[in-house]
Amino acid sequence: MTECPACDAHVECAAMVAGEIFPCTDCGTELEVVTTLPTAVQLAPKEAEDWGE
Amino acid sequence: MSDALRLGIFLTIVRPEEKQILQAAEARGITVERLDDERMAFDLEPPDLPVDVILNRSVSHSRGLYAMRFFAHYGIPTVNAADVIERAGDKILGSLRLREAGIPTPRTIVALTPEAALIALDQIGYPAVLKPPIGSWGRLMARVHNREEAEQIIEHKVALASPQHSVFYVQEYVPKPDRDLRVLVIGRTVVGAMYRRSSDWRTNAARGAESEAFEPPEPVRALAIRAAEAMGGGILAVDLMEAPSGLVVHEVNPTPEFKSLQAATGLDIADRILDYVAEVARR
């Protein structure tokens, strides 16, 4: 359990892996798991122009 | 399949696809080295990197392309190879390859100035489609209905900072049904296929298109494999449209997302990817 850097809501990412992207359940901001032990998240990277498949 | 494989995964973020690959690798006992594209730097001298093969899952075309060039320089095989990423990830180079391979593809004209773009649009005829040469998910694509719209869109594109918006990839608008086809090719095999349906003219899964499994008949399989081979082969998602004249290939994607295809077909695509990556490592 940690806090969303955008809205301070508690976010849970127990079953996730570092690098995983997920939305904050309160404000919907896309977050990225930085570490799982201890749990830390940051704002997900912004999509760049050359991103794609 | 060797459990002793040491796999490097070059990635930006962990989407469901990367998570499945990581989990499938762990289940096989494969040693995985995660290589974060935001943190890596590349020395001309080979580093001590304990991997047998690299799988590119970066969402950035330029990062993936340059990184795979360096890994090849270090003597490490990559999936896909840099040449494949360069061709398939750049719509201009990709179209050239498709045309040279005799694969049906929408009529396309590339213009290098705004003035030439307007001439190209006149030649293609309206409606036409303007696409950025690099990028996907239907982003920054425009369907242009007339000259007035074209002038406005081109003015906006020129105002964007990136030089790639001053290169104009002009393509005929294909009046297709409310769907296109995606065929995933791994090596010389069609692994799976789906329809992507949308009321939007852009039928990208990233834009909310609905997926439906599709069992491709032999001619579709053969066409998809030819398109993948035209790019140099590897793990490639071939996108096709049902044009009035028949099937046309409009795009080949070198770092395919497969969440929708997997959901539609029930296939274990991460496992098939690892099979192929292990095969490349053994070559």
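Calculation criteria
- Residues numbered from 1 in each chain as written.
- Chains lettered and ligands numbered in written order.
- Predicted model: local features only at pLDDT ≥ 70, side-chain atom pairs only at ≥ 80, totals over all residues.
- Helix = DSSP H or I, 4+ residues; strand = E, 2+ residues; numbered from the N terminus.
- Buried ≥ 20, exposed ≤ 12 C-beta atoms within 10 Å, placed from the backbone.
- Contact = placed C-beta atoms within 7 Å.
- Pairing = 2+ DSSP bridges.
- Axes fitted to C-alpha atoms, helices over the stretch in contact; angles between N-to-C directions.
- pLDDT = per-residue confidence, 0-100.
- Arc of directions from axis to C-beta.
- Parallel < 35°, antiparallel > 145°, perpendicular 65-115°, else oblique.
- Nonpolar A, V, L, I, M, F, W, Y, C, P; charged D, E, K, R; others polar.
- Left-handed = near helix turned anticlockwise from the far one by under 90°.

Caption draft 1: Here's a closer look at the overall build of chain A. Within chain A one finds zero helices and five strands. Starting at the N terminus and ending at the C terminus, chain A contains elements arranged as β-β-β-β-β. Considering only C-alpha atoms, chain A reaches an extent of 35 × 20 × 15 Å along its principal axes. For chain A, the residues scored as buried account for 25% of the 53 residues in total. Considering only residue pairs separated by 6 or more positions, chain A has 18% of its internal contacts joining residues 24 or more positions apart.

Caption draft 2: Just the sheet that holds strand 2 (residues 31–36) of chain B, in detail. Residue and element names in this part refer to chain B. With parallel pairing, four strands are arranged side by side in an open sheet as 2-1-3-4. Looking at which strands have only one partner, the edges of the open sheet turn out to be strand 2 and strand 4 (78–79). Bridging between strand 1 (residues 6–11) and strand 3 (residues 53–57) involves five bridges; their strand directions are parallel. Counterpart to Leu11 in the pairing with strand 3 is Arg57.

Caption draft 3: View of the pairing of strand 2 of chain B. As judged from the six bridges shared by strand 1 of chain B and strand 2 of chain B, these two strands associate in the parallel manner. From the neighbouring strand, Arg6(B) faces strand 2 of chain B, where its bridge partner is Thr31(B).

Caption draft 4: Main features of the sheet that holds strand 3 (residues 21–23) of chain A. Residue and element names in this part refer to chain A. The strand order 3-4-5 describes an open sheet built from three strands, whose pairing is antiparallel. Looking along the sheet, the strands with just one partner apiece sit at the ends: strand 3 and strand 5 (39–43). On average, each strand axis in the sheet is inclined to that of its neighbour by 40 degrees, with strand direction left out of account. Judged from the three bridges that link them, strand 3 and strand 4 (residues 30–36) form a sheet pairing that is antiparallel.

Caption draft 5: Local environment of the pairing of strand 13 (residues 246–253) of chain B. Residues and elements named next belong to chain B. Counting buried positions along strand 13 yields six of eight residues, so the element is predominantly enclosed. Note that strand 12 (residues 235–243) and strand 13 share seven bridges and pair antiparallel. Paired with Met241 across the bridge in strand 13 is Val248. Where strand 12 hands over to strand 13, the hairpin turn is made up of two residues, counted between the paired strands.

Caption draft 6: Representation of the confidence of the model for chain B. Looking at chain B, pLDDT values average 94 and 99% of them are 70 or higher. Confidence estimates for the predicted assembly give a pTM of 0.93 and an ipTM of 0.85.

Caption draft 7: Region of the structure containing the environment of Lys131(B). Residue and element names in this part refer to chain B. With respect to the helices and strands, Lys131 occurs in strand 6 (residues 128–131). Taking the C-alpha atoms as reference points, Lys131 and Pro177, 46 residues apart in sequence, are found 20 Å from one another. Other than its neighbours up to four places away in sequence, Lys131 contacts Lys91, Met141, Tyr169 and Gln171.

Caption draft 8: Here's a closer look at the environment of Glu12(A). Its location among the elements puts Glu12(A) in the loop between strand 2 (10–11) and strand 3. With twelve residues separating them along the chain, Glu12(A) and Cys24(A) place their C-alpha atoms 9.0 Å apart.

Caption draft 9: Looking closely at helix 5 (residues 114–124) of chain B. Within helix 5 of chain B the residues assigned to the buried category are Ala117(B), Ala120(B) and Leu121(B). Across the axial projection of helix 5 of chain B, the buried residues extend over an arc of 100 degrees, all falling on one side.

Caption draft 10: Looking closely at the packing of helix 3 (residues 82–89) of chain B against helix 4 (residues 91–100) of chain B. Residues and elements named next belong to chain B. Put simply, helix 3 and helix 4 touch, their axes get as near as 5 Å, and they point 95 degrees apart. One finds that helix 3 runs roughly perpendicular with respect to helix 4. Every residue of helix 4 that contacts helix 3 at Glu86, Arg87 and Ala88 is listed here: Leu93, Gly94 and Arg97. Its residues placed into classes, the contact of helix 3 with helix 4 shows two nonpolar, one polar and three charged.

Caption draft 11: The arrangement of the packing of helix 1 (residues 16–28) of chain B against helix 9 (residues 269–282) of chain B in detail. Residues and elements named next belong to chain B. Where helix 1 contacts helix 9, the axes come no closer than 9 Å and their chain directions differ by 65 degrees. The handedness of the crossing between helix 1 and helix 9 is right-handed. Counted together, Gln20, Ile21, Ala24, Ala25 and Arg28 of helix 1 and Ala270, Asp271, Ile273 and Leu274 of helix 9 form the full contact between these two elements. The class makeup of the residues in the contact of helix 1 with helix 9 is six nonpolar, one polar and two charged.

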